[in-house]
Amino acid sequence: MAPRTCMLCDKNRAMLKRPKTGQQICKDCFFVVFETEVHNTITESELFKPGDRVAIGASGGKDSTVLAYVMKTLNERYKYGLNLFLLSIDEGITGYRDDSLETVKRNQQQYDMPLKILSYDELYGWTMDAIVDQVGRKNNCTFCGVFRRQALDRGAAMLGVDHIVTGHNADDIAETVLMNIMRGDIARLGRCTSICTQGEDTIKRSKPFKYAYEKEIVMYAYFKKLDYFSTECIYSPDAYRGHARVFLKDLEAARPSAIIDIIHSGEAFEIRDEVKATQKSQRLCSLFASFNQRS
Ligand SMILES: Nc1ncnc2c1ncn2[C@@H]1O[C@H](COP(=O)(O)OP(=O)(O)OP(=O)(O)O)[C@@H](O)[C@H]1O
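This text gives an overview of the structure that appears in the document. These numbers were taken from a predicted model, which means no experiment stands behind them.

What counts as what
- Residues numbered from 1 in each chain as written.
- Predicted model: local features only at pLDDT ≥ 70, side-chain atom pairs only at ≥ 80, totals over all residues.
- Heavy atoms only, no water.
- Phe/Tyr/Trp six-rings, centres within 6.5 Å; stacked < 30°, edge-to-face > 60°.
- Helix = DSSP H or I, 4+ residues; strand = E, 2+ residues; numbered from the N terminus.
- Buried < 20%, exposed > 50% of the residue type's maximum accessible area, 1.4 Å probe, protein only.
- Lys NZ or Arg CZ within 6 Å of the ring centre and 35° of its normal.
- Near = heavy atom within 4 Å.
- Polar contact = N/O pair within 3.5 Å; in protein donor to acceptor, adjacent residues only side chain to side chain.
- Areas by Shrake-Rupley, 256 points an atom, 1.4 Å probe, with all protein chains shown as cover.
- Nonpolar A, V, L, I, M, F, W, Y, C, P; charged D, E, K, R; others polar.

## Quick look at the packing of aromatic side chains
Scanning the entire structure with this criterion turns up 18 aromatic pairs. Plain terms: the ring middles of Phe30 and Phe34 are 6.0 Å apart, the flat faces sit at 45° to each other, and that makes the pair tilted. Remark: Phe34 and Phe30 occur in helix α1 (residues 27-44); sequence separation between them is 4 residues, near one turn of the helix. Owing to a relative accessible area of 0%, Phe30 belongs among the buried residues under this scheme. Note on Phe34: relative accessible area 3%, which makes it buried. In textbook terms, an aromatic cluster arises when at least three aromatic residues are bridged by ring pairs, as seen for Phe30, Phe31, Phe34, Tyr69, Tyr111, Phe209 and Tyr220. Lys224 extends its terminal NZ or CZ atom over the ring of Phe31, reaching a point 4.1 Å from the ring centre.

In structure tokens:
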């Protein structure tokens, strides 16, 4: 059987089936559609303005490595006029973050971007290794996530940046929508699909990969031969998110558009103000109660 030609350029040999659309396309057309969709997400949401100083939350993993590469490419191609930085938080997880930070240091050279690394140890006086040693693995992802958010803000302030971008992708967001529905966390459901968030005293944060499928990010990294670190965190991943992930993968296998459809459903919810207020205070109380029980 003759090899298929690319459905987009009708010239090159099709090398892959696009996970998001099922189209059989060539490598070059895949790069173009992937990058153009991220560019459209950025421009439609007016994420940046010329002269912005933007920190890329860089963990060394596939999502943030592809994000750094694509941000650099689009900034040059479309002349966004951004000053880009890499910002990494070292949570103090031996055998995981120390190795992934080596990748980020290489990315700094490869992408020619200034890098700032800030550790939990220097900010808070302890590491995740020490915390897990003391309180065990249950809920450690939740604590680590809260501390990382603050650490990223502190690092961003040190770099004097206006904006932090992270590699959260469409799968992450769809999982979060499902988790919030399963938990009945209506307040979070209302904001988890926002592409851009900014608290009263926090730096603006956004997710340019909001509509990018995880499988396509992996494919992009593979075909571009990007240098990234692919090991999972050694401390137990968030078990509840794991259930949502498995469920989402099943849905995606049956119908690939399920991921985008869940995000669109999340976007369509409108949450009443009184629900937002009640749930926020309840969540903070339960987080600190669980921390106090352990320490
Ligand atoms: N230690 C860190 N330092 C800086 N940014 C981070 C760090 N950990 C996570 N992030 C940011 O948050 C995003 C989502 O993180 P998450 O832990 O869900 O990892 P992930 O989905 O495996 O992403 P990645 O593949 O980039 O590691 C990352 O893409 C990155 O932008």
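Moving on from the coordinates now.
## A short note on the site of the ligand
Around the ligand, the surrounding shell holds 18 residues, and the nearest of these are Gly57, Ser59, Asp63, Ser64 and Ile89. One nitrogen or oxygen atom from the side chain of Ser59 is found 2.6 Å from an oxygen atom belonging to the ligand. Glu91 places a polar side-chain atom, nitrogen or oxygen, 2.9 Å from a nitrogen atom of the ligand. Against a free-state accessible area of 580 Å², the protein chains account for coverage of 81% of the ligand. Those elements that provide at least two residues to the shell around the ligand are α2 (62-77), β4 (83-90) and α6 (140-159). A breakdown of the residues in the shell around the ligand according to their chemical character gives 4 nonpolar, 8 polar and 6 charged.

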